[in-house]
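# Observations on the model geometry
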Amino acid sequence: MEQLSRIYGRLLNAMELAACAILLAITFVIGFDVLLRNVGAGGIPPSNELSEYGLYLTTILAAPGLLRRGRHIRIDIVLRMLPPRVAWGFEWAGDAIGMVCALFFVWYATRVTLASYLAGSVSIKTLVLPEWWIFVPMPVCFLMVAIEFLFRMRQLALSERVPRADDLRKKWVGRNVQRI
């Protein structure tokens, strides 16, 4: 299971790198578009649309990796105020609720993507694309978020009954945090 987790982690790292590359490409497209408009060359017509799709892709590609690194929204201050076993239970509840939500998004996004594909829907803006191309990354990435929640719950099951230390440089020791 540890080897599977490491392989999965490498896949998430690759997705995060792809998200970074997309963000860099968006930056260059917007900058080049502004430059072309300022010199009177008209700009890049689909730049706004490419930026929208790029930001969407960046967000969902990075989400599973950010969850793995513990860079998601948490309320650690509340967990630190609670007894360690109670806080550990809240960690479980949060992971379970997160996994259920992620699986709901997988189900819903799959339905939307399939309906778009079967209807032959087309997104017509500056670019003309089959609409399902836009939707297809969502169920895949949310499935990966759900899988990451499973890995998190396994980690909790095998760990000491204290809140998780998502910051890799910190380790929970009772109510105190020690730097490693």
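Residues numbered from 1 in each chain as written. Predicted model: local features only at pLDDT ≥ 70, side-chain atom pairs only at ≥ 80, totals over all residues. Heavy atoms only, no water.

### Description of the packing of helix 2 (residues 47–69) against helix 6 (residues 137–158)
Packing of helix 2 against helix 6 brings their axes to within 8 Å, and their N-to-C directions diverge by 10 degrees. The orientation of helix 2 with respect to helix 6, classified from their angle, is roughly parallel. Contacts from Tyr56, Leu57, Ile60, Leu61, Ala63, Pro64, Leu67 and Arg68 in helix 2 reach Pro137, Met138, Cys141, Met144, Val145, Glu148, Phe149, Phe151 and Arg152 in helix 6. In terms of residue class, the contact of helix 2 with helix 6 is made up of 14 nonpolar, no polar and three charged. (Axes fitted to C-alpha atoms, helices over the stretch in contact; angles between N-to-C directions. Helix = DSSP H or I, 4+ residues; strand = E, 2+ residues; numbered from the N terminus. Parallel < 35°, antiparallel > 145°, perpendicular 65-115°, else oblique. Contact = heavy atoms within 4.5 Å. Nonpolar A, V, L, I, M, F, W, Y, C, P; charged D, E, K, R; others polar.)

### Comments concerning a nonpolar patch on the surface
Taken together, the side chains of Ile75, Ile77, Val78 and Met81 present a nonpolar region at the surface, about 430 Å² in accessible area. Within the secondary structure, valine 78 sits in helix 3 (residues 76–81). Taking relative accessible area as the criterion, valine 78 reaches 39% and is therefore assigned partly exposed. (Patch = residues over 30% accessible without salt bridge, like charges linked within 9 Å, V, L, I, M, F, W, Y side chains within 5 Å. Areas by Shrake-Rupley, 256 points an atom, 1.4 Å probe, with all protein chains shown as cover. Salt bridge = Lys/Arg side-chain N within 4 Å of Asp/Glu carboxyl O. Buried < 20%, exposed > 50% of the residue type's maximum accessible area, 1.4 Å probe, protein only.)

### Thoughts on the nonpolar core
Tyr8, Leu12, Met15, Ala19, Ile60, Leu61, Ala62, Cys141, Met144 and Phe151 form the largest nonpolar core, which has ten residues in total. Within the residue set of this core, elements represented by two or more residues are helix 1 (2–38), helix 2 and helix 6. Per-element tally for this core: the top contributor is helix 1, with four residues. In contact with leucine 61, other than residues within four places in its own chain, are Met15, Glu16, Ala18, Ala19, Ile22 and Cys141. Listed in part, the seven residues of the second largest apolar core include Leu67, Ala102, Phe149 and Met153. (Core = buried A, V, L, I, M, F, W, Y, C linked by side-chain atoms within 4.5 Å.)

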